[in-house]
Amino acid sequence: MVRFAGPLVAGLLLAVSLGAAPITAAPRSEGSIEARVPVAKGRLFAVLLGPGQAWKKGQPFKGPGLDQHRAYWKALLGEGRIAAAGPLGDGSGLALIRAKNQKEADALLAADPAVKARILRGAARPYAADLMSVAVLVGR
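Description of the structure in this document. (Residues numbered from 1 in each chain as written. Predicted model: local features only at pLDDT ≥ 70, side-chain atom pairs only at ≥ 80, totals over all residues. Heavy atoms only, no water.)

### Observations concerning the overall build of the chain
- From N to C terminus, the chain includes six helices and four strands.
- Helices and strands appear in the chain in the N-to-C order α-α-β-α-β-β-α-α-β-α.
- The burial tally for the chain puts 38% of its 140 residues in the buried class.
- The contacts of the chain with a sequence gap of at least 6 include a subset with a gap of at least 24, amounting to 74%. (Helix = DSSP H or I, 4+ residues; strand = E, 2+ residues; numbered from the N terminus. Buried < 20%, exposed > 50% of the residue type's maximum accessible area, 1.4 Å probe, protein only. Contact = heavy atoms within 4.5 Å.)

### Focus on the packing of aromatic side chains
- Applying the stated criterion to the full structure yields one aromatic pair.
- Look at Tyr72 and Trp73: their rings are 5.8 Å apart centre to centre, the planes differ by 90°, and that puts the pair in the edge-to-face class. Take Tyr72 and Trp73: they sit in the same class, and that class is buried.
- Looking at Arg43, its charged tip hangs above the ring of Phe45, at a distance of 5.6 Å from the centre. (Phe/Tyr/Trp six-rings, centres within 6.5 Å; stacked < 30°, edge-to-face > 60°. Lys NZ or Arg CZ within 6 Å of the ring centre and 35° of its normal.)

### Some details on a nonpolar patch on the surface
- On the surface, Leu48, Leu88 and Leu94 cluster together to form a nonpolar patch covering roughly 270 Å² of accessible area.
- Inspection of the secondary structure assignment puts Leu88 in strand S2 (residues 82-89). (Patch = residues over 30% accessible without salt bridge, like charges linked within 9 Å, V, L, I, M, F, W, Y side chains within 5 Å. Areas by Shrake-Rupley, 256 points an atom, 1.4 Å probe, with all protein chains shown as cover. Salt bridge = Lys/Arg side-chain N within 4 Å of Asp/Glu carboxyl O.)

### Regarding the pairing of strand S1 (residues 43-51)
- Two elements, S1 and strand S3 (residues 92-99), share seven bridges in a ladder whose sense is antiparallel. Note on S3: the bridge partner recorded for Val47 is Ala95.
- Alignment of S1 against strand S4 (residues 120-126), held across seven bridges, turns out to be antiparallel. Across the sheet, residue Val47 finds its bridge partner in S4, namely Ala124. (Pairing = 2+ DSSP bridges.)

### Re the pattern of salt bridges
- A full pass over the atoms with the stated rule returns three salt bridges.
- Notably, a salt bridge pairs Asp67 with Arg70, separated by 3.3 Å at the nearest N-O pair. With Asp67 and Arg70 both in helix H3 (residues 66-78) and three residues apart, the pair spans about one turn of that helix.
- Given a relative accessible area of 27%, Arg70 falls into the partly exposed group.
- Across the salt bridge formed by Glu79 and Arg81, the nearest N and O atoms sit 3.3 Å from each other.
- Linked by salt bridges that have partners in common, Glu79, Arg81 and Glu104 make up one network.

### Points about helix H4 (residues 102-110)
- Listed in full, the buried residues belonging to H4 are Glu104, Ala105, Leu108 and Leu109. Mapping the buried residues of H4 onto a view down its axis gives an arc of 140°, with all of them on the same face.
- Looking at the buried positions of H4, the neighbouring elements they touch are S1, H3, S3, helix H5 (113-116) and S4. (Arc of directions from axis to C-beta.)

Quick look at the structure:
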């Protein structure tokens, strides 16, 4: 799974998720991650992933299906759909994603190559970020 690219991205995603005005910052270079990451509209969903029917117990989290899984979630990050994502342990993971509605959140999850291959299974549930600390989220 992928991690936050930086505090500005975290703050921007938090502001959008809470309906706040956009965060302004000093101008960024054209190549910076903050200058390239769009922010998807919609609401937040918590996605929980766990071992699927094709998961082999003790299997390392790499190889066919899982490398494509990482690439897929990294692409969603690049689209501005991921607020945070990462492993929980034992082959499970958690992601906070932005989608228009439940149908789109379910479709994003179903399009994961590891879910298609039944290596992982998951569920997307609406999530309300009632309390959030950007400082804690980015490790300050």
